[in-house]
Amino acid sequence: MSLIPSFRNLGRDNIRKATIIGSTRILPTRLRVSARKARLGALEVDIARRSSLIIIAHPKSGNTWLKVMLTRLYARRHGIPESDFARYPALADANPAIPSFAATNGWYSYERAVGDLLQPGQQDAELAAKPVVLLARNPLDIAVSWFFQFTKRQSDHKQELINAELSRPVDRRNIGMWEFVRQSEIGLPSLIAFLNYWDAALGSLDRTLLTSYEELRTDPAGVLRKITTLMGDSFSEAEIDDAVEFASFDNLRKLESEGFFRSGGLTLRNANDPESFKVRRAKVGGYRDYFDAQKVAELEALVQRDLSPRLKALFGIDTPRDAATGQ
C-alpha cells in the first residue's frame, strides 16, 4: 500500500513533527527532552510565522473546534470536496487560498517558544504584527477537561516534555481528578496563571481579540465574524451558518465517533471510552458534576481570589449564582 495518502492526510508540519520525534526516540531521556523541546519549538515558531492567525488557547478551551469552523469557511468558499475536509489541518498545504491557523498554548514545553516571542519586551516583529486571538475559558471547566485530556488523550512525547518541567511529574495512570486539579503543578492554579499571563500580554499587541469558549458556545456566528474581520475577511450569513452547523457539538461528536477525521485533534482514539473523545461534553459549568459542594466552593474561591478582573468579568464570575438553581 502506498504511503502517499497517509502523508497527504498528515500535512507537512505534522510530518516534520513526527520526524523530529522519531529521530530523537533513541536518545537518553535528558538529551531527548532537550532536543525535542528545541527542535519542536523552532517548528512551532515557523508554523506561527506562516499562519494568517495565531490562536492562543489552553488545551480543552475550544481551539480545535474554532479551527474547524474557520477552515470550513475557507474550504467551502474555495470548493474543497467534503471528503477532503477529513484532513482539515493539512488543507492549506496544497491550497494557497486557504489560510493556516497557528493554535498554540504558548505556555507548556516547546509551545512556550511562540509565547515568549509575543511577550512585552521580547516581541518578534513578524509575529507581533499578526492577528492574535486569545480563546479563554473558565479555568474550572478547563481543569476537568484537562484532566481527561492529560490522562486519556495526551501523546507520550508531549506528556514527557510537560512532565520534564515539573518538580512533581504527573503519573497519568495513578492520579485522581481532585489531586490533578487542586494539587498538581498543571492544575487549577497553573490554569489561572496561564490565563492571567495571556490577558496581560494582549495589551502590548496591536491586532488582538479576547473571546471565550463560553461566547463561542452562545454565539458562534458572532465570534466567527469578529475573528474574520480581525483577519481582514468577510463572509456571508449563509457561509457563517454552514460553518457553525458543521461544527455543532452533535455533528462533530458523530464524525469523531465514526472516525471521519484522518488528521488533527479530532482523530478517534478510543471508541469505547466517551471520556477520551476530543468532543467530550461541551458543557459550561460542568465542573460542578465532578466534585462535592465543599470542593466546588474551594475551587471557586481560588478563582475568585486570583483570576484577573477582566477575565472574571468575561466569564461572569463576579455575578452571584442562585443557590437553588446553580445558575
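Calculation criteria
- Residues numbered from 1 in each chain as written.
- Predicted model: local features only at pLDDT ≥ 70, side-chain atom pairs only at ≥ 80, totals over all residues.
- Heavy atoms only, no water.
- Helix = DSSP H or I, 4+ residues; strand = E, 2+ residues; numbered from the N terminus.
- Buried < 20%, exposed > 50% of the residue type's maximum accessible area, 1.4 Å probe, protein only.
- Contact = heavy atoms within 4.5 Å.
- Areas by Shrake-Rupley, 256 points an atom, 1.4 Å probe, with all protein chains shown as cover.
- Axes fitted to C-alpha atoms, helices over the stretch in contact; angles between N-to-C directions.
- Parallel < 35°, antiparallel > 145°, perpendicular 65-115°, else oblique.
- Nonpolar A, V, L, I, M, F, W, Y, C, P; charged D, E, K, R; others polar.

Caption draft 1: Looking closely at the overall build of the protein. Per the secondary structure count, the protein includes 17 helices and 4 strands. Counting every position in the protein, which comprises 327 residues, the buried fraction comes to 52%. Residue pairs at least 24 apart in sequence account for 71% of intrachain contacts in the protein once pairs closer than 6 positions are excluded. Accessible surface, the protein as shown: approximately 14,800 Å² in total, 51% of it carbon and sulfur.

Caption draft 2: Looking closely at the packing of helix α3 (residues 29–50) against helix α9 (residues 156–164). Running from N to C, α3 and α9 point in directions that differ by 100°, and their axes come no closer than 10 Å. Our classification of the angle between α3 and α9 gives roughly perpendicular. For the pair formed by α3 and α9, the contact residues are T29, R32, V33, R36, K37 and L40 on the first element and H157, E160, L161 and A164 on the second. When its residues are assigned to classes, the contact of α3 with α9 shows 4 nonpolar, 2 polar and 4 charged.

Caption draft 3: Fine view of the environment of P309. Among the structural elements, P309 can be located in helix α17 (residues 309–315). Taking relative accessible area as the criterion, P309 reaches 63% and is therefore assigned exposed. A C-alpha to C-alpha distance of 9.5 Å links P309 and N196, two positions 113 residues apart in sequence.

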